[in-house]
Amino acid sequence: MRVAVTGANGLLGGEAVAQLAGRHQVLALGRGPCRLSPGPFAWADADLGDGSSAERALLAFRAEAVLHAGALTDVDGCERDPEAAWRVNVGGTEQVARACRRLSARLVAVSTDYVFDGEAGPYGEDDVPNPRGAYARTKRCGEEAALLLAPGAAVARVAVVYSGRPGAKPTFATRVVEKLSRGEPVKAFSDQLVSPTLAANGAAMCLELLLETRHAGVLHASGATVLDRVDFARRLARRFGLAGEIVPVRTAEVKLLAPRPLRGGLRVDRAAALLRNRPLPVDEAIERFHAEWRRRP
Ligand SMILES: NC(=O)c1ccc[n+]([C@@H]2O[C@H](COP(=O)([O-])OP(=O)(O)OC[C@H]3O[C@@H](n4cnc5c(N)ncnc54)[C@H](OP(=O)(O)O)[C@@H]3O)[C@@H](O)[C@H]2O)c1
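Not measured: the values here are computed from a predicted model.

**Student:** Whenever I open this one, the site of the ligand confuses me. Can you help?
**Tutor:** Around the ligand, the surrounding shell holds 27 residues, and the nearest of these are R35, T73, Y135, K139 and K169. Contact distances for the ligand include 2.7 Å between an oxygen atom and a side-chain N or O atom of K169. Coverage of the ligand by the protein chains reaches 88% of its 880 Å² of free accessible surface. Looking at the shell around the ligand, the elements that each hand over two or more residues are α1 (11–20), β5 (106–112) and α5 (134–149). Sorting elements by how many residues they give to the shell around the ligand places β5 first, with three residues. Considered class by class, the residues forming the shell around the ligand number 14 nonpolar, eight polar and five charged.

In structure tokens:
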């Protein structure tokens with residue numbers, strides 16, 4: 001099958017390409033050059049923000065299925081530049097969805113727990129989004145673009161993505177391990193409830209949703225455990241045998257441009273019932289993260 005992945009240099013997209021390569025004919029799309037380890041996939045340099053190049057690449061490839069994982073994910077950066085956030089997160093999804101519609105290709109667009117305001121999480125798929133801030137609002141509009149423009153599309157929401165894959169970009173989880181390993185203290189928000197998602201697990205669920213189901217509409221595909229970031233950091237420290245200091249901080253004490261949902265987190269019962277790749281409980285995911293980490297050069 002011809003399967004395309006946007007955001008292929010990213011945490012989730014990179015994992016998806018690695019899982020697909022060799023099993024399908026794969027087109028990986030990203031901006032600029034490929035930063036993935038070489039493999040049996042083709043690369044397209046396509047800007048999601050320019051209104052047409054991702055659409056053109058998908059049409060030329062004659063994609064049969066598309067995992068749309070590309071996005072501007074810098075939450076405060078989106079707040080600083082809402083036009084860029086709109087161009088990429090809404091316009092980029094529009095390009096991808098238009099191509100899927102023209103090709104009658106199946107689309108799974110990846111989205112976020114940030115579409116909820118964090119007043120009363122954890123949230124299920126039927127809860128009504130109330131996005132706050134430019135990242136959250138553009139991601140929510142991107143969801144609608146996917147669902148409206150590509151008939152039968154699914155939206156897979158994930159949260160706090162992390163990966164130990166060599167070359168994967170730094171995240172909260174990798175910073176915890178690196179700082180504690182150097183003997184430095186780590187600050188972690190004590191009042192943000194989240195559903196951390198190991199990229200490999202999120203990608204596996206998204207690909208199964210894409211290629212093995214016809215599920216249309218929203219599905220929560222995050223990790224299975226809702227916990228605060230201090231608890232997450234402590235579990236990471238315990239698994240890595242690191243003794244350093246984890247300093248709890250409240251969100252209001254830190255100057256952040258964009259608002260953060262506090263009582264967030266995603267309910268994943270539907271994904272657990274629908275998919276063979278189940279949402280992983282946090283300690284199981286950390287175990288796999290630890291194994292990924294040990295394979296780093
Ligand atoms: N990371 C999280 O904690 C998190 C949480 C909830 C939901 N999500 C969602 O999960 C999906 C995957 O994100 P991720 O975690 O894999 O984050 P990521 O590592 O930041 O990946 C996003 C990818 O999109 C690419 N991108 C950004 N602007 C682009 C443009 N104009 N044209 C083409 N590509 C562009 C980035 O390219 P560069 O690598 O060149 O910057 C990056 O590779 C996104 O939909 C995101 O909103 C992520």
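**Student:** Please explain the pattern of salt bridges as it appears in this structure.
**Tutor:** Side chains that carry opposite charge are capable of pairing whenever their charged atoms lie near each other. As enumerated under the stated definition, the model contains 17 salt bridges in all. Measuring nitrogen to oxygen at the nearest pair gives 2.9 Å for the salt bridge that ties E184 to R182. Accessibility expressed as a relative area gives 53% for R182, which makes it exposed. When the shortest N-O distance is used, the salt bridge between R235 and D283 registers 2.8 Å. Of this pair, R235 sits in helix α8 (residues 229–240) while D283 is found in helix α10 (residues 282–294), placing the two residues 48 residues apart along the sequence. Through salt bridges that share partners, R140, E143, E144 and R157 make up one connected network.

What counts as what
Residues numbered from 1 in each chain as written. Predicted model: local features only at pLDDT ≥ 70, side-chain atom pairs only at ≥ 80, totals over all residues. Heavy atoms only, no water. Near = heavy atom within 4 Å. Polar contact = N/O pair within 3.5 Å; in protein donor to acceptor, adjacent residues only side chain to side chain. Areas by Shrake-Rupley, 256 points an atom, 1.4 Å probe, with all protein chains shown as cover. Helix = DSSP H or I, 4+ residues; strand = E, 2+ residues; numbered from the N terminus. Nonpolar A, V, L, I, M, F, W, Y, C, P; charged D, E, K, R; others polar. Salt bridge = Lys/Arg side-chain N within 4 Å of Asp/Glu carboxyl O. Buried < 20%, exposed > 50% of the residue type's maximum accessible area, 1.4 Å probe, protein only.

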